[in-house]
Amino acid sequence: MHRLTITRPDDWHLHLRDGDVLGSVLPDTARRFRRAIIMPNLKPPVTTVEAAAEYRERILAALPEEADFEPLMTLYLTEATTPGMIEAAKASGFIHGVKLYPAGATTNAASGVADIRRCYPVFEAMQRVDLPLLVHGEVTDPEVDIFDREAVFIERHLQPLIREFPELRVVLEHTTTESGVEFVESGPENIAATITPQHLLYNRNALFAGGIRPHHYCLPVLKRERHRQTLLRAATSGHPRFFLGTDSAPHPRHAKESACGCAGIYSAHAAIEFYAEAFASVDALDKLEAFASFHGPDFYRLPRNTDSITLERVDWTVPEAVLFGHDPGVPLRAGETVAWQLARY
Ligand code: NCD
Ligand code: ZN
């Protein structure tokens with residue numbers, strides 16, 4: 001197949017940041033996707049309906065004129081979030097989920113949740129008003145091996161949570177392991193997961209190819225090949241509760257190439273193209289449209305998009321650097337080729 005037209009996709013997990021960076025990364029996403037679930041881990045985090053409304057306005061103001069793009073906002077869960085705030089979020093109509101970061105799990109997660117049980121009244125409200133819970137599913141316990149943190153989180157926190165709130169819609173964000181895939185496949189209809197392009201295309205060797213590779217560092221960290229294979233199988237299986245979420249997360253080059261480099265991979269410049277590569281690698285391009293454009297809106301109970309995009313099987317070279325505001329940043333696959341290209345009209 002050399003040309004592929006699919007219903008316009010959506011990105012169900014995206015970091016846009018704010019200010020100048022927002023302005024420079026948003027066009028990449030808006031060219032490919034009609035909607036995106038916008039992560040709330042700004043500094044300070046987006047914890048109130050009012051802050052989400054203002055952030056949404058800033059995103060809309062930063063859009064290129066010709067863009068047809070809708071930001072789907074989220075709230076950042078803290079131990080101070082109240083059931084009343086959940087009701088207000090649902091009533092807003094523009095907030096589509098609440099994001100749980102275990103305290104300290106990842107970039108800007110310092111004000112996340114230290115004791116998940118303290119949020120149970122909030123989960124009760126979310127279940128009642130039917131607002132999805134989006135989970136960064138990793139324990140932060142330094143005793144737990146970093147490669148096991150997803151599996152341990154599922155066992156320690158997610159299984160008890162879904163037993164307690166059987167109707168709550170839960171998205172295990174950027175799942176990276178067999179445990180995550182198993183959790184979704186064996187779970188009820190209200191349990192789903194997003195999968196990133198990097199976890200479909202790379203295993204953990206990419207972190208150490210000839211030396212340490214900070215631009216392949218994200219959280220959850222890349223896993224071993226066996227897990228990548230499982231994710232590819234899940235994404236291309238047609239299972240309706242796996243869908244596209246890039247987790248594109250811009251950080252300036254200096255913050256990545258550092259003695260203590262930030263977690264996050266920027267993929268928005270070629271997001272759907274990366275997924276096309278991954279699906280083509282297992283001869284499953286026919287499964288891309290459902291994963292990228294149908295399963296997400298169906299789970300979030302939003303209409304599917306009606307326009308389309310076309311991908312062509314043409315190699316192109318990703319620039320060595322792009323600008324995130326005033327700072328150079330290094331996009332995924334910098335200086336190397338991508339096998340698919342978005343057709344220009
Ligand atoms: C994300 C970021 O930079 O905001 N980083 C990452 O490695 N994925 C945060 C996150 O989603 O964990
Ligand atoms: Zn993320």
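Here the structure is shown first, and the text comes after it.
The following paragraphs examine the structure supplied in this document.

Rules behind the numbers
Residues numbered from 1 in each chain as written. Chains lettered and ligands numbered in written order. Predicted model: local features only at pLDDT ≥ 70, side-chain atom pairs only at ≥ 80, totals over all residues. Heavy atoms only, no water. Donors = N, O, S within 2.8 Å, 3.2 Å for Na, K, Ca; no water. Tetrahedral: all angles 85-135°; square planar, octahedral: opposite > 155°, others 65-115°. Helix = DSSP H or I, 4+ residues; strand = E, 2+ residues; numbered from the N terminus. Core = buried A, V, L, I, M, F, W, Y, C linked by side-chain atoms within 4.5 Å. Buried < 20%, exposed > 50% of the residue type's maximum accessible area, 1.4 Å probe, protein only. Contact = heavy atoms within 4.5 Å. Salt bridge = Lys/Arg side-chain N within 4 Å of Asp/Glu carboxyl O. Polar contact = N/O pair within 3.5 Å; in protein donor to acceptor, adjacent residues only side chain to side chain. Phe/Tyr/Trp six-rings, centres within 6.5 Å; stacked < 30°, edge-to-face > 60°. Lys NZ or Arg CZ within 6 Å of the ring centre and 35° of its normal. Near = heavy atom within 4 Å. Areas by Shrake-Rupley, 256 points an atom, 1.4 Å probe, with all protein chains shown as cover. Nonpolar A, V, L, I, M, F, W, Y, C, P; charged D, E, K, R; others polar. Axes fitted to C-alpha atoms, helices over the stretch in contact; angles between N-to-C directions. Parallel < 35°, antiparallel > 145°, perpendicular 65-115°, else oblique. Pairing = 2+ DSSP bridges.

Section: the coordination of the zinc ion (ligand 2)
Thinking step 1. Taken together, the protein donors to the zinc ion (ligand 2) comprise His13 (NE2), His15 (NE2) and Asp247 (OD), at separations of 2.0 Å.
Thinking step 2. Classification of the site at the zinc ion (ligand 2) as irregular follows from its four donor atoms and the range of 93 to 141° in their angles at the metal.
Thinking step 3. Mapping the donors of the zinc ion (ligand 2) onto the primary sequence yields the spacing H-x1-H-x231-D. Within this pair, whereas histidine 15 is found in the loop between strand 2 (11-14) and helix 1 (19-32), its partner aspartate 247 is found in the loop between strand 9 (242-244) and helix 9 (253-256), the two being separated by 232 residues in sequence.

Looking at the nonpolar core
Thinking step 1. Counting residues in each nonpolar core, the largest one holds 95 residues, and the members touching the most others are Leu16, Leu100, Phe123, Leu200, Ile272 and Leu288.
Thinking step 2. Tallying contributions element by element places helix 10 (residues 271-281) first for this core, with seven residues.
Thinking step 3. Those residues in contact with isoleucine 272 that sit more than four places away from it in its chain are Ile6, Pro9, Arg32, Phe33, Leu244, Leu288, Ala292, Ile309, Leu311 and Leu342.
Thinking step 4. Listed in part, the 14 residues of the second largest apolar core include Trp12, Leu72, Ala109 and Phe243.

Overview of the pattern of salt bridges
Thinking step 1. Counted under the stated rule, the structure contains 23 salt bridges.
Thinking step 2. With its nearest N and O atoms 2.8 Å apart, the salt bridge here joins arginine 35 to aspartate 10. Of this pair, arginine 35 sits in strand 3 (residues 35-38) while aspartate 10 sits in the loop between strand 1 (3-7) and strand 2, and the two are 25 residues apart along the sequence. Residues arginine 35 and aspartate 10 agree in their burial class; the two are buried.
Thinking step 3. Put simply, glutamate 277 and arginine 333 hold a salt bridge, and the shortest N to O gap is 2.8 Å. Here arginine 333 lies in the loop between strand 13 (327-329) and strand 14 (337-338) and glutamate 277 lies in helix 10, a separation of 56 residues in the sequence. Each member of the pair glutamate 277 and arginine 333 is classed as buried.
Thinking step 4. A cluster of three or more residues bridged by salt bridges with shared partners is formed by Arg34, Asp68 and Glu70.

A closer look at helix 8 (residues 225-235)
Thinking step 1. What helix 8 keeps buried is the set His227, Arg228, Thr230, Leu231, Leu232, Ala234 and Ala235.
Thinking step 2. Against helix 6 (178-185), strand 8 (191-195), helix 7 (197-201), strand 9, helix 10 and helix 11 (288-300) lie the buried residues of helix 8.

Some points on the side chain of threonine 74
Thinking step 1. Topologically, threonine 74 is positioned in strand 4 (residues 70-76).
Thinking step 2. Engagement of the side chain of threonine 74 in a polar contact is seen with the backbone oxygen of isoleucine 38, the distance being 2.6 Å.
Thinking step 3. What threonine 74 contacts, discounting residues up to four positions off in sequence, is Ile37, Ile38, Met39, Pro40, Val46, Ala52, Ile95, Gly97 and Leu134.

Some details on the packing of aromatic side chains
Thinking step 1. Applying the stated criterion to the full structure yields twelve aromatic pairs.
Thinking step 2. Centroid distance phenylalanine 123 to phenylalanine 165: 5.9 Å. Interplanar angle 75°. Geometry classified as edge-to-face. Taken as a pair, phenylalanine 123 in helix 4 (residues 120-129) and phenylalanine 165 in the loop between helix 5 (149-164) and strand 7 (170-172) lie far apart in primary sequence, 42 residues in all.
Thinking step 3. Put simply, the rings of Trp12, Phe243, Phe299 and Tyr300 touch in pairs and so form one group of aromatic residues.
Thinking step 4. Over the face of the ring belonging to phenylalanine 299 we find arginine 169, whose NZ or CZ atom lies 5.9 Å from the ring centre.
Thinking step 5. Sitting over the ring of phenylalanine 294, arginine 304 keeps its end group 4.1 Å from the ring centre.

A closer look at the site of ligand 1
Thinking step 1. As a structural note, the neighbourhood of ligand 1 is formed by 15 residues, with Asn41, Thr106, Leu219, Asp247 and His251 the closest of them.
Thinking step 2. Contact between ligand 1 and aspartate 247: a nitrogen atom at 2.7 Å from a side-chain N or O atom of the residue.
Thinking step 3. Within the backbone of glycine 264, one N or O atom sits 3.1 Å away from an oxygen atom of ligand 1.
Thinking step 4. Considered on its own, ligand 1 offers 310 Å² of accessible surface; in the complex 100% of this is hidden by protein.
Thinking step 5. Its residues assigned to classes, the shell around ligand 1 comprises four nonpolar, nine polar and two charged.

Brief notes about the packing of helix 10 against helix 11
When two helices pack together, their arrangement is given by the angle between the helix axes and by the axis-to-axis distance.
Thinking step 1. Between helix 10 and helix 11, the shortest axis-to-axis distance is 9 Å and the interhelical angle comes to 140°. Taken together, helix 10 and helix 11 sit at an angle that is classed as oblique. Where helix 10 approaches helix 11, its residues Ile272, Tyr275, Ala276 and Phe279 are matched on the opposing element by Leu288, Phe291 and Ala292.

Remarks on the sheet that holds strand 10 (residues 308-312)
Thinking step 1. If you trace the three strands from one edge of the open sheet to the other, you get 1-10-15, paired in antiparallel fashion. In the strand order of this sheet, the two ends are held by strand 1 and strand 15 (341-342), each with one partner.
Thinking step 2. Note: strand 10 against strand 15, two bridges, orientation antiparallel. Looking at the pairing, glutamate 312 lines up with glutamine 341 of strand 15.

Quick notes on the sheet that holds strand 9
Thinking step 1. Spatially, 2-3-4-5-6-7-8-9 is the arrangement adopted by the eight strands of the open sheet, whose pairing is parallel. A strand with exactly one partner marks an edge of an open sheet, and here the two such strands are strand 2 and strand 9. Across the sheet, the axes of successive neighbouring strands diverge by a mean angle of 30°, strand direction being ignored.
Thinking step 2. Along the sheet, helix 6 contacts strand 7, strand 8 and strand 9; its crossing angle with strand 8, the most-contacted strand, is approximately 145°.

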